[in-house]
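Listed below are the residues making up each chain.
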Amino acid sequence: YVIKHDKYVVNEIISTLLRLERNPSNKIVIVEDSKTSAKLLQILLEVHQYDVVHFTDPKEALDYVKYHQDVKMVITDYNMPGMDGCELTRRLRRIYSKQELAILGMSGAGQTIMAANFLKHGADDFIIKQSFLAEEFYLRINSYLDRLNTYQELATAASYDYLTNVSNRRHFFEVVEAMHESALRHNTPVTCAMIDIDKFKSVNDKYGHSVGDAVLREVAQLIKSSVRKSDIVARFGGEEFCMYMTGMSAENAEPYFEKLRQKISDAIIRAEEHSLKVTVSIGLCSKIEHDINHMIESADKSLYQAKETGRNRVIH
Ligand code: GH3
Ligand code: MG
Ligand code: MG
Ligand code: MG
Ligand code: MG
């Protein structure tokens, strides 16, 4: 019906569909001073739903890629004003590894010598302008993007806890060291918290392990939803979570964690055919120590005290 009535509308619909289908995680930057050559590549890529950004100036491209971590691939020409493609490749590689960004060098016919040059500077591959077959080009592009996505999936799987989707212990220490150093430098207050579900063994005993898992997920979610982006939550052991918060002073930590404790004890957790409630005990440490491990140990001691004095409470 539409085709019969308005060709313009059809084009609009098609381009809208293309935009909708475009995968934002497949962003490719083309750096090419020749507008015709760039246009050709852009069309080839956009037909296959790649999100393409074009720059004629390599310096602008460098800035863009530096601040847009969603760029997966850079395709760069060699001869360009201001900076050649190899230099651009070299500078990009100082910021992004091959696991984070794919780089394809490109130059005109008769410049195959450039291939080694590009590869030496950190490019993944090299193509000769206008002499490649479209199909081969797509296959290569796809294999690089697939590889990057696989790396990213592996990195995520290695950093997050499978059951609760919060950080695992390894990832926690990987990021917390730098956070702590920066907090010490800037004299920012920090708080470390150990949170442990009370009598969790009895939840498993009474309702079974899969309900126990659901409770763990729910508690993790309640904790996670109460933190800011600058905080980190990790699952340390079975039913034990550790939190590190910057900008959280001792005075603020008390009411903050009291609220979190209350929120968890109020929550009705539904799992399978059951509705249940759990409580947590929380140990805090806001006394700045140079070594983050000492703060965690101190929070752990407070947690132990919270358990000893009746559970479902916050001890500083
Ligand atoms: P307390 O108040 O002293 O902390 O008592 P608790 O029962 O919570 O502590 P305890 O350390 O005795 O038991 C922890 C239990 O957590 C034992 C274990 O079966 C359970 N657990 C650990 N990891 C998992 C998990 O991944 N899934 C489930 N369902 N249970 C788990
Ligand atoms: Mg050029
Ligand atoms: Mg215990
Ligand atoms: Mg427990
Ligand atoms: Mg425990």
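Given the structure is predicted, the values throughout are model-derived calculations rather than measurements.

**Some remarks on the overall build of the chain**
Next up, step 1: In terms of helices and strands, the chain carries 12 helices and 13 strands.
Next up, step 2: In terms of C-alpha radius of gyration, the chain reaches 27 Å, well past the compact-globule figure of 20 Å for 316 residues.
Next up, step 3: Projected onto the principal axes, the alpha-carbon positions of the chain cover approximately 80 × 60 × 30 Å.
Next up, step 4: Within the chain, the fraction of its 316 residues that count as buried is 31%.
Next up, step 5: If you take every contact in the chain between residues at least 6 apart in sequence, the share linking residues at least 24 apart comes to 63%.

**Looking at the site of ligand 1**
Next up, step 1: In the vicinity of ligand 1 there are 16 residues, among which Asp 198, Phe 200, Lys 201, Gly 212 and Gly 238 approach most closely.
Next up, step 2: Those elements that place two or more of their residues in the shell around ligand 1 are strand S7 (190-197), helix H9 (200-207) and helix H10 (209-224).
Next up, step 3: Ranked by residues supplied to the shell around ligand 1, first place goes to H10 with 4 residues.
Next up, step 4: Classifying every residue of the shell around ligand 1 gives 4 nonpolar, 4 polar and 8 charged.

**Section: the UniProt feature "modified residue: 4-aspartylphosphate" (unreviewed entry) in the chain**
Next up, step 1: UniProt records the feature "modified residue: 4-aspartylphosphate" (unreviewed entry) at Asp 77, using the numbering of this structure.
Next up, step 2: With respect to the helices and strands, the residue Asp 77 is situated in strand S3 (residues 71-77).
Next up, step 3: When sequence neighbours within four positions are dropped, the list of residues in contact with Asp 77 reads Val 31, Glu 32, Asp 33, Gly 85, Met 106 and Ser 107.

**Quick notes on the packing of H9 against H10**
Next up, step 1: Where H9 meets H10, the axes come as close as 7 Å, and the angle between the chain directions of the two elements is 135°. As judged from the angle between their axes, H9 and H10 are oblique. Each of Phe 200, Val 203, Asn 204 and Tyr 207 in H9 lies in contact with H10, whose residues at this interface are His 209, Val 211, Gly 212 and Val 215.

**Let's talk about the nonpolar core**
Next up, step 1: In this structure, Ala 193, Val 219, Ile 282 and Ala 299 are the most contacted members of the largest nonpolar core, which totals 40 residues.
Next up, step 2: Sorting the residues of this core by element identifies helix H8 (169-185), S7, H10, strand S8 (232-235), strand S9 (240-246), helix H11 (250-266), strand S12 (280-285) and helix H12 (292-308) as the ones contributing at least two each.
Next up, step 3: Sequence-distant contacts of Val 219, defined by excluding residues within four places in its chain, comprise Ile 197, Ile 264, Val 278 and Val 280.
Next up, step 4: Ranked by size, the runner-up nonpolar core spans 31 residues in total, among them Leu 101, Ala 102, Phe 118 and Tyr 144.

**What about the pairing of strand S5 (residues 125-128)?**
Next up, step 1: When strand S4 (residues 102-107) meets S5, the two strands line up parallel, connected through 4 bridges. Bridging from a neighbouring strand, Gly 105 pairs with Phe 126 of S5.
Next up, step 2: After leaving S4, the chain enters helix H6 (residues 114-120) and then returns to the sheet as S5, a path that is right-handed.

**Description of unusual backbone geometry**
Next up, step 1: Its identity is not glycine, yet Gln 49 carries a phi of approximately 65°, on the positive side.
Next up, step 2: The residue Gln 49 is located in the loop between helix H3 (35-47) and strand S2 (51-55) in this model.
Next up, step 3: A count of 14 C-beta atoms within 10 Å places Gln 49 in the partly exposed class.
Next up, step 4: Within the chain, Asn 312 stands out as a residue other than glycine whose phi angle is a positive 50°.
Next up, step 5: Topologically, Asn 312 is positioned in the loop between H12 and strand S13 (314-315).

**Re the pairing of S4**
Next up, step 1: S4 sits mainly inside the fold: 6 of its 6 residues count as buried.
Next up, step 2: What you see with S4 is no split at all: Ala 102, Leu 104 and Met 106 on one side and Ile 103, Gly 105 and Ser 107 on the other are buried throughout.
Next up, step 3: As paired strands, S3 and S4 are joined by 5 bridges and run parallel to one another. Note on S4: the bridge partner recorded for Thr 76 is Gly 105.
Next up, step 4: The β-α-β motif built from S3, the intervening helix H5 (residues 85-95) and the parallel element S4 has right-handed crossover chirality.

How each quantity is defined
Residue numbers run consecutively from 1 along every chain, following the written order of its sequence. The lettering of chains begins at A and the numbering of ligands begins at 1, in the order of writing. Residues qualify for local features only when their pLDDT is at least 70, as the model is predicted, and side-chain atom pairs are given and counted only at 80 or more; totals for whole chains, interfaces and linings, by contrast, use all residues. Numbering of helices and strands starts at the N terminus; helices are DSSP runs of H or I of at least 4 residues and strands are runs of E of at least 2. Each radius of gyration is computed over the set of C-alpha atoms, and the globule rule expresses the reference value as 2.2 Å times the number of residues to the power 0.38. Buried, partly exposed and exposed are defined by the number of other C-beta atoms within 10 Å of a residue's own C-beta, namely 20 or more, between the two limits, and 12 or fewer respectively, with C-beta atoms placed from the backbone. Each residue is represented by a C-beta atom placed from its backbone, and any two residues with such atoms within 7 Å are regarded as in contact. Each residue receives a C-beta atom built from its backbone; the residue is near a molecule or strand if that atom lies within 6 Å of it. All residues other than Ala, Val, Leu, Ile, Met, Phe, Trp, Tyr, Cys, Pro, Asp, Glu, Lys and Arg, Gly among them, are scored as polar; the first ten of these are nonpolar and the last four charged. UniProt positions are given in the numbering used here, feature names are shortened, and annotations may be inferred rather than shown by experiment. Here the axes come from fitting lines to C-alpha atoms, over the contacting stretch only for helices, and the angles between their N-to-C directions go from 0 to 180 degrees. Any angle from 65 to 115 degrees is called roughly perpendicular, while one under 35 is roughly parallel, one over 145 is roughly antiparallel, and all others are oblique. Note on terminology: a nonpolar core is a set of buried residues of type Ala, Val, Leu, Ile, Met, Phe, Trp, Tyr or Cys, with members joined through C-beta atoms within 7 Å. One requirement defines pairing of two strands: DSSP has to find at least two bridges between them. Handedness of a crossover: with both strands directed away from the viewer, a clockwise path from the first strand across the helix to the second marks it as right-handed.

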